Each structure stands twice: as C-alpha cells, then as structure tokens.
2 protein chains.
Amino acid sequence: MTNTIEITKAQTSKIHDVDFENLSFGKVFTDHMFVCDFKNGEWQQPEITPYAPITLDPSARVFHYGQAVFEGMKAFKDDENKVWLFRPEDNLLRINKSAERLAIPAFPQDVFMEGLKALVQLDEAWVKQGLGNSLYIRPFVIATEPAIAASPAVEYKFLIICSPAQSYYSGDVRVLIAEEFSRSANGGVGYAKAAGNYAAQFYPTNLANKEGFQQIIWTDADTHQYLEEAGTMNVFFRINDTLITAPTSERILDGITRKSILKIAEDSGISVEVRPVKVSELIEASKDGSLKEIFGSGTAAIVSPISAFSYKGEVFEIPHQEERFSAIFKEKLLNIQYNKSEDPYGWRVSI
Amino acid sequence: MTNTIEITKAQTSKIHDVDFENLSFGKVFTDHMFVCDFKNGEWQQPEITPYAPITLDPSARVFHYGQAVFEGMKAFKDDENKVWLFRPEDNLLRINKSAERLAIPAFPQDVFMEGLKALVQLDEAWVKQGLGNSLYIRPFVIATEPAIAASPAVEYKFLIICSPAQSYYSGDVRVLIAEEFSRSANGGVGYAKAAGNYAAQFYPTNLANKEGFQQIIWTDADTHQYLEEAGTMNVFFRINDTLITAPTSERILDGITRKSILKIAEDSGISVEVRPVKVSELIEASKDGSLKEIFGSGTAAIVSPISAFSYKGEVFEIPHQEERFSAIFKEKLLNIQYNKSEDPYGWRVSI
Ligand SMILES: Cc1ncc(COP(=O)(O)O)c(C=O)c1O
Ligand SMILES: Cc1ncc(COP(=O)(O)O)c(C=O)c1O
C-alpha cells in the first residue's frame, strides 16, 4: 500500500449550520472522514473523502457478529489557534490490541498518524477554542465482507470520523454498583474496545437510569465483590488522601486518561495504590467518613466526579470536598491538553 | 403500523448464476429481503424489496457499539415441492429475548411471521429438494441511528435475508475445550444471540484451528470446569446409553435444535440428564470407555458428531459407534423437517 493519502475535499462546508453552543454528544460530524479498506490480505489506498454514508451488503459480518473495534480521542485548540492531539499513539496501539482480540488485521501506525493529522488539519475550523470545547475523534474498524459464516472476515473498513464536542457529562454522576449484571469475564474481551462490550451494557444501564443512576460501576462477574470500571470510564477512589484504582486486567480497559492521572498523581506527591478494591471497603470508608471522592476518568468526560453510589438498595452520598483531587487532575490534564502549561511527559502532539 | 407488507419484486432473478452443487455457507443470497425500520418509537411499514446493499451513516451505532441481534433458521422443501419452516415462532421469541437484553425494541410477532412466509414464498425456487439442501434464513436487527453516544439507539432496521445452503460442517469435528478464554459470564449476554458474542470467539477459535481443532467447547468463565456449549452449537454427551447436556442458563443459548433433540430423546425412551457436566467427568468417561459420543446441535449443522476433544494438551479420541444417537436424532429431525414423517409435535410450519 502507498502511504500517500488521497484527499477529496468537500465542495461545501456544513459548519455554518452547526450551533456550537448547543452540541449534543456525537450527533454532528465534520466535513471529512478518513477511510481505508482492507482486502486481498492488505490495507488499500488510504483516503480522505467528504463525510458520507457508507454502503454495505446486508450480509456484512459487522451486522451479524459484531466484528468491530473503535477508539475515542480528542483534539484541542490552544489560544494561538494551534491544534493538539493527546497521546494519539496510545490510541493506535490500543485499537490494534483490540483488533488482535477480535481477529481484525492491525492498522499500520504511520498511515494512522498521517491520516489522523491530515483529517484534523482539514477540519481544523471545527475545533473550537475554549476549555471544554474539543473535537472528539472516532477511529473504528468494521468487518465488511458480505458473508454470514461465523468466522473472521477477509474484508474490513477502517474509518476516522470527527464530532465537535462540549463536555460529555453535565454535573456530578450518581452510580449503581453492579450486583447481578456483568460487563466482562476473564478470558473475554473486556480489555478491548470491542463494539459488543458496549451494547451489552445498555439494558442494565437503562435499569440503573430508571432508579436515578446515570452509570454503573461494574464488579467482577464471579463474586461482584471487586470494583472494576464504569461503562466508558475507569474509576478512582480517594480514601483519606490516598488515590486508589483497580489494576487493569483482561477485564478492564487500559484507559489513557487513567494512566495519565496515575502519572500526574505520582508526580504531585499524592499517595497512589493500584490494587483490587472491594465494595465492602468502599462502604466502610463511606460509613467512617474516610471516603472523600470517587471519580471516573475517560477521554469523553476527562474527569467526572461521582456524588453517590448505590449498593444493594442502599445509597451512599459522598460529601462534597473543598479540595477535590478530581479537580486538580482535571485542571492539570486540561492545561496540558490545551497547551496552557508545560508538557513534561510529551503527551501533546501537534497536528 | 400497517401489517400489509409492501412488496417490490426483483426485475430479474440471480438464481441462474448460482451453482447449487457447490455452495459455501452464507455467501449467496436470494433475490429478495424483508426490511422494516424502527423510528419515532415504532416499527414502520414492512417491505419486501430486491436484495440490495444498505446505506448507513458511519456513525450508526451498530458499527460502534455492536447493538445488533440475529437469528438463524431454515426452510426445507419436501418431495411434493412444499416448503416448510421449523419452529419459526421460537426464533421470533428468541430474537425478541435477545433484543430485550440488548435494549432493542421487540418486533411484532404477526409481522415477523407474515414477512417470513411472504419472503420464502417469493424466493421458493431457491429452496432445493433433497436432504441436506435448505434455505438458511437470517433475521437480524441493527441499530442505525447516526449518533455515537454510548446509549441505546432510537432507530433500528430489522431485516431478513436468505441464503441457499447445503450442509454446514463436512465430516466429524475435532474440538478444543476452553481452558483460558471464555465466551460469556453470569450477568452477561451469553444467552442472547447478540452480535458481539460471535466476534469475541474468532480469535480463540483461530488459535484452536491452528492446532487442528475446528471448534471450541466453552467452559464456565470462573473455573473452566464445566462444559457449556460450542460457538454456534449446544453440546451433548453420551455416556453409556445416557444422553447428557448442560442446562441452559444466562450464559448458554437456549438452542431450538437442542430442545427438539431432548424431546425426541425422551419420547424415544432414551435416558436423558440435563445437568452440569464437568470436564473431569468427560475425561474419566473417555478413559474408562463409557464416553460413546459427543455431538453438537444447531440449526446450521443440525447434528454434528465430534470425533475428538483436546484438554490441557491431551487429545481424547472418541471411538466410532455402530449405532450413534447423533444419527438417530439427525434422521428423526430431518424426517420432520423435510415432511418425511409424522410431526407429533407440531414443529413443521407450512409457508
Ligand atoms: C470501557 C472503558 N473504560 C474506560 C475508558 C476510558 O479510557 P480512555 O481514558 O482511554 O478514554 C473507556 C473509554 O474510552 C472505555 O470505553
Ligand atoms: C451460541 C449458540 N449456541 C447454540 C446454537 C444452536 O441453536 P439452534 O439450535 O437454535 O440453532 C446457536 C445457533 O443458533 C448459537 O449461536
């Protein structure tokens, strides 16, 4: 395959129809998309084209067997109108790790980075200045081969689409701790951003929503005693002044925000423990007042404070802290992402 | 919604291009398909149209979150050219059970049955006479709403496509018993025909293929001590003259072939045990010679004899039986399906 991306520009831009003050997440897309097909055993000519519907045979395996993986990342605009990505190589590495588990061919690193940068450059006007504004970027791969045998496809489509975003969650989040439903198992695909992992959470999350909880914190499928992660966020606990989070595993997504927070926490002299966390420990800490914070971390919400959790019908409110760890991490992350501070880690990548 | 299906016939048939003697499973489709969209909170006008590609926004949720369920069923042609379905209401009930778990709206029973029959009637010429020949029918639902928020879609497409089939597996199957990978967990979606369940099996199955095993028999994700089911088949064991199979659960698909076999076995005076089966029991029975048969059951293969299993690197061959249960069940099932015998159960449904 050639690495030179073929670019076809949109004739007109849709940008003037968009109300950037009132975006709902993931509904508006920019003028272009990146597309690359896999067939005859290799990735074909990468292209940037006008954002447009795709046409597939009804027998395309993605419709039947969920052979699909995705990523989520963001671009940020600084005060000088320069656009930055945040740790994009990690998203590439992770989509390929997910792809391997789903028997999807890996996508070449150089084409990914080149395509990503060219696409964001082309749609730069869609990245708005101002903290909280960003361009949400969604790389994904789908099995397109028209054949319904239950085996890996030999044809795929890799795409990158972009959606301008404000913040994902508004306000504090109330969560339910899973007692019965589960998200993943040992030996399964929980660590991958496999499409099917997400739809599987919709029904239990609907039930939680009805009880007034926006998210579920998943527990291990065996015993439901250990806290794992939320639907699209890793989860942190602050007990007294120690920051605690579960280790990643084959059941838990290795979140890029999570590992960035761990790094920042260590470098800020905050005591950090990466270890299994029991539900019972959380409840005790809540009862004796040592539980100071719970928050989720993820690309979409960055840091999302959790104000209450429910377990076996009992609701535990988390008293508001004056000095929240979550606020510190959010600020430090945003400062790096928006080029407002030094970036000692080399996480910021110019497009 | 109106129940009257709008039918647009294909102008020409593709049937003359098809080599019915050399079909590979699920690659050739008939002239028509059934389509019904869900929007504004309800299923819209059902249609039968020429089989054709479908066009979706790249942000359609099925591509990102695997919000999709499917069914597999067959039509058979008897010696008088009459076409029969096998327990079709069970497929409808099951797709709606799967749909509920995936937060997809249920599809109305009458429209399903009417659409299915009308479609198979229209493409009747594609159902060939002769044992082993059949029309494989694939109803499925996909989330089409163009929005990448990780929550249930508000728009869906229900389709039925049909593919002429010979037999799915050729010859006896050698299987690997899962020791590390897993297919489903308690509280998960294993009992549903959720798209994502299938892609998740591709990678471990590829590994098994490389070692010379066509299929995996999954075990419980916790302990890997209990035998559950294969990728697209339930599994039966014959120890001496007792037929044993695991009970269905939230981890195991409630197979229609499985329950048909259980019924036939009971009525044939075969001793049947529906109970958890340990891997260790299987190994002991293999060693002491009491393990007479293992076979899989499913719509695609109907009954598929298993000639060997591997566990922790050791391969256990199953000596060929003169009088196989699997052959008895297959014959009785085929006779009912192809209208060669009485159907005391009312399983056969004329189109
Ligand atoms: C299951 C799951 N956990 C955690 C995360 C957070 O990961 P990241 O910080 O890389 O966005 C995500 C979202 O990307 C996710 O889907
Ligand atoms: C996971 C799984 N188990 C078992 C079966 C067999 O079910 P049935 O006999 O209804 O085809 C299937 C296929 O349909 C399946 O997908």
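These numbers come from a predicted model, not from an experiment.

Visitor: Lay out the packing of helix α5 (residues 256-267) of chain A against helix α7 (residues 325-337) of chain A in plain terms, naming residues and giving numbers.
Guide: Residues and elements named next belong to chain A. Across the interface, α5 lies against α7 with an axial gap of 10 Å and an inter-helix angle of 105°. The angle between α5 and α7 places the two elements in the roughly perpendicular class. Residues Thr257, Ser260, Ile261, Ile264 and Ala265 of α5 lie in contact with α7, whose contacting residues are Phe329, Lys332 and Leu333. Across the contact of α5 with α7, the residue classes break down as five nonpolar, two polar and one charged.

Visitor: Can you lay out the relation of the copies chain B and chain A for me, pointing to particular residues and giving the numbers?
Guide: Of the transformation placing chain B onto chain A, the axial shift is 0.0 Å and the rotation is 180°, giving an RMSD of 0.0 Å. Expressed as a symmetry operation, the mapping of one chain copy onto the other fits a two-fold axis.

Visitor: Outline the site of ligand 1, listing residues and values.
Guide: Residues and elements named next belong to chain A. The full set close to ligand 1 counts 16 residues, and Lys193, Tyr198, Glu229, Thr257 and Thr299 are the nearest of them. In the environment of ligand 1, an oxygen atom lies 2.8 Å from a nitrogen or oxygen atom belonging to the side chain of arginine 94. At 2.6 Å, a side-chain N or O of threonine 257 approaches an oxygen atom of ligand 1. Coverage of ligand 1 by the protein amounts to 97% of the 390 Å² it exposes when considered alone. Counting residues per element, the ones that place at least two in the shell around ligand 1 are α5 and β18 (291-298).

Visitor: Quick rundown of unusual backbone geometry? Include the residues and the values.
Guide: Residues and elements named next belong to chain B. Despite not being glycine, asparagine 240 has its phi angle at roughly 50°, a positive value. Following the sequence through the fold, asparagine 240 ends up in the loop between β14 (234-239) and β15 (242-245). The class for asparagine 240 is partly exposed, based on a relative accessible area of 43%. Backbone geometry places lysine 312, a non-glycine residue, at a positive phi of 45°. One can find lysine 312 in the loop between β18 (302-311) and β19 (314-317).

Visitor: Please set out the site of ligand 2 residue by residue, giving values where relevant.
Guide: Residue and element names in this part refer to chain B. Taken together, 16 residues surround ligand 2, and among them Lys193, Tyr198, Glu229, Thr257 and Thr299 come closest. In this structure, an oxygen atom belonging to ligand 2 sits 2.5 Å away from a side-chain N or O atom of tyrosine 198. Side-chain polar atom of threonine 299 to an oxygen atom of ligand 2: 2.6 Å apart, as the coordinates give it. Isolated, ligand 2 exposes 380 Å² of accessible area, and the fraction of that covered by the protein chains is 96%. Elements supplying a minimum of two residues to the shell around ligand 2: α5 (256-267) and β17 (291-298). Residue composition of the shell around ligand 2, by class: four nonpolar, eight polar and four charged.

Visitor: Quick rundown of the pairing of β15(B)? Include the residues and the values.
Guide: Residue and element names in this part refer to chain B. Alternating positions in β15 separate into two faces, Thr242 and Ile244 on one and Leu243 and Thr245 on the other, with burial throughout. In the sheet, β14 pairs with β15 via four bridges, with the strands oriented antiparallel. Counted as the bridge partner of arginine 238 is leucine 243 from β15. Connecting β14 to the next strand, β15, in antiparallel fashion are two residues, including asparagine 240 with a positive phi near 50°. Note: β15 against strand β16 (residues 271-274), four bridges, orientation parallel. Residue pairing in the sheet places leucine 243 in a bridge with valine 272 of β16. Regarding the hand of the β-α-β motif, the stretch spanning β15, α5 and β16 is right-handed.

Visitor: Go over the environment of Ser326(B), please, and point to the residues and values.
Guide: On the secondary structure map, Ser326(B) appears in helix α7 (residues 325-337). Residues Ser326(B) and Asn186(B) lie 140 residues apart in sequence; the distance between their C-alpha atoms is 30 Å.

Visitor: Let's hear about the interface of chain B and chain A: which residues, and what values?
Guide: Across the boundary between the two partners, chain B contributes 61 residues, which contact 61 residues of chain A. The interface formed by chain B and chain A holds zero salt bridges in total. Taken together, the links from chain B to chain A amount to 19 residue pairs in polar contact (both at pLDDT 80 or more). Ranked by the residues each element gives to the side of chain B that touches chain A, the list is headed by helix α4 (residues 195-210) of chain B, at nine residues. Of the residues belonging to the side of chain B that touches chain A, the class tally is 39 nonpolar, 14 polar and eight charged. In terms of strand pairing, strand β5 (residues 54-56) of chain A meets strand β5 (residues 54-56) of chain B through three bridges, oriented antiparallel. Residue pairing across strands places Thr55(A) opposite Thr55(B), the latter belonging to β5(B).

Visitor: Any details on helix α6 (residues 279-287) of chain B? Residues and values, ideally.
Guide: Residues and elements named next belong to chain B. Those residues of α6 that fall on the buried side of the exposure criterion are Val279, Leu282, Ile283, Ala285 and Ser286. Along α6, the residues classed as buried sweep out an arc of 165° about the axis, all on the same side. For α6, exposure combined with an orientation more than 90 degrees from the buried face picks out Glu284 and Lys287. The first or second residue beyond α6 is glycine 289, which carries a positive phi of 85°.

Visitor: I'd like a description of the nonpolar core, backed by residues and values.
Guide: In terms of nonpolar packing, the biggest core is built from 142 residues, with Phe63(A) and Phe63(B) touching the most fellow members. When residues no more than four places from it in sequence are discounted, the contact partners of Phe63(A) are Leu56(A), Asp57(A), Pro58(A), Ile54(B), Leu56(B), Val62(B), Phe63(B), Ala68(B), Phe140(B), Ile142(B) and Ala195(B).

Visitor: Explain the confidence of the model for chain A residue by residue, including any values.
Guide: When the pLDDT values of chain A are averaged, the result is 96; 98% of them are 70 or greater. Across the interface, the model reports ipTM at 0.97; the global pTM reads 0.97.

Visitor: So, the UniProt feature "modified residue: N6-(pyridoxal phosphate)lysine" (unreviewed entry) in chain A: which residues are in play, and what are the values?
Guide: Listed under "modified residue: N6-(pyridoxal phosphate)lysine" (unreviewed entry) in the UniProt record, and renumbered for this structure, are Lys193(A). With residues near it in sequence (within four places) discarded, Lys193(A) still touches Ala68(A), Val69(A), Phe70(A), Glu71(A), Gly72(A), Arg94(A), Ser98(A), Tyr198(A) and Leu253(A).

Visitor: Tell me about the environment of Ala10(A), and name the residues and values.
Guide: Residue and element names in this part refer to chain A. Its location among the elements puts alanine 10 in the loop between β1 (6-7) and β2 (32-39). For the pair alanine 10 and arginine 238, spaced 228 residues apart in sequence, the C-alpha separation works out to 48 Å. In contact with alanine 10, other than residues within four places in its own chain, are Asp31, His32 and Pro50.

Visitor: Report on the packing of aromatic side chains, specifying residues and quantitative values.
Guide: All names here are of chain A. Scanning the entire structure with this criterion turns up 49 aromatic pairs over all chains. Relative to tryptophan 43, the ring of phenylalanine 38 has its centre 5.1 Å away and its plane inclined at 70°; by these criteria the two rings are edge-to-face. Accessibility assignment for this pair places phenylalanine 38 and tryptophan 43 in one class, buried. One aromatic cluster is present, formed by Phe34, Phe38, Trp43, Phe107, Phe112, Tyr156 and Phe158 through successive ring pairs. Looking at lysine 128, its charged tip hangs above the ring of phenylalanine 20, at a distance of 4.6 Å from the centre. Cation over ring: arginine 238 sits above phenylalanine 325, and NZ or CZ is 4.0 Å from the ring centre.

Visitor: Break down the pattern of salt bridges for me, citing the residues and quoting the values.
Guide: This structure, assessed with the given rule, holds 28 salt bridges over all chains. Residue Glu228(B) pairs with Arg251(B) through a salt bridge whose shortest N-O separation is 2.5 Å. Of the two residues, Glu228(B) is situated in strand β13 (residues 227-230) and Arg251(B) in the loop between β15 and α5; the sequence distance between them amounts to 23 residues. The same class applies to Glu228(B) and to Arg251(B), which are both buried. Residues participating in the shared-partner salt-bridge network are Arg87(A), Asp90(A) and Lys259(A).

Cut-offs and rules
- The residue numbering used here restarts from 1 in each chain and proceeds along that chain's sequence as written.
- As a convention, the first chain written is A and the first ligand written is 1, with the rest following in written order.
- Whole-chain, interface and lining totals are the exception, using all residues; otherwise, since this is a predicted model, local features are given only for residues with pLDDT of at least 70 and side-chain atom pairs are given and counted only at 80 or more.
- Side-chain figures throughout are based on the complete set of non-hydrogen atoms in the structure, without hydrogens or water.
- Convention adopted: a line fitted to C-alpha atoms gives each axis, helices being fitted over their contacting stretch, and angles between N-to-C directions are expressed from 0 to 180 degrees.
- A helix here means a DSSP run of H or I that spans at least four residues, while a strand means a run of E at least two residues long, and both kinds are numbered starting from the N terminus.
- Note that the term roughly parallel is reserved for angles under 35 degrees, roughly antiparallel for angles over 145, roughly perpendicular for angles of 65 to 115, and oblique for everything else.
- Any pair of residues with heavy atoms lying within 4.5 Å of one another is described as a contacting pair.
- Three residue categories are used. Nonpolar comprises Ala, Val, Leu, Ile, Met, Phe, Trp, Tyr, Cys and Pro, charged comprises Asp, Glu, Lys and Arg, and polar comprises the others, including Gly.
- The copies are overlaid by a least-squares fit using only the C-alpha atoms of residues whose pLDDT is at least 70 in both copies.
- Near residues are defined by distance, with any heavy atom within 4 Å of the molecule or strand qualifying the residue.
- For this analysis, a polar contact is any N or O atom pair within 3.5 Å, provided that within protein one partner can donate a hydrogen and the other can accept it, and provided that sequence-adjacent residues contribute only side-chain to side-chain pairs.
- Surface accessibility follows the Shrake-Rupley procedure with a 1.4 Å probe radius. Residue values consider only the protein chains on display as shielding.
- Relative accessibility thresholds used throughout: buried, under 20% of the residue-type maximum; exposed, over 50%; partly exposed, between the two (1.4 Å probe, protein chains only).
- Criterion used throughout: strands pair if DSSP finds at least two bridges between them.
- With strands facing away from the observer, any crossover in which the path from the first strand over the helix to the second runs clockwise is taken as right-handed.
- Throughout this description, the term salt bridge denotes a Lys or Arg side-chain nitrogen within 4 Å of a carboxyl oxygen of Asp or Glu.
- Picture the helix axis, draw a direction to every C-beta atom, and the arc is the one those directions span.
- The nonpolar core is taken to be a set of buried Ala, Val, Leu, Ile, Met, Phe, Trp, Tyr and Cys residues, with the residues joined through side-chain atoms within 4.5 Å.
- Confidence of the predictor in every single residue is expressed as pLDDT, which spans 0 to 100.
- UniProt positions are given in the numbering used here, feature names are shortened, and annotations may be inferred rather than shown by experiment.
- Only centres within 6.5 Å qualify two rings of Phe, Tyr or Trp (six-membered ring in Trp) as a pair; their planes then separate them into stacked at under 30 degrees, edge-to-face at over 60, and tilted for everything else.
- In our convention, an over-ring charge means Lys NZ or Arg CZ found within 6 Å of a ring centre and within 35 degrees of that ring's normal.

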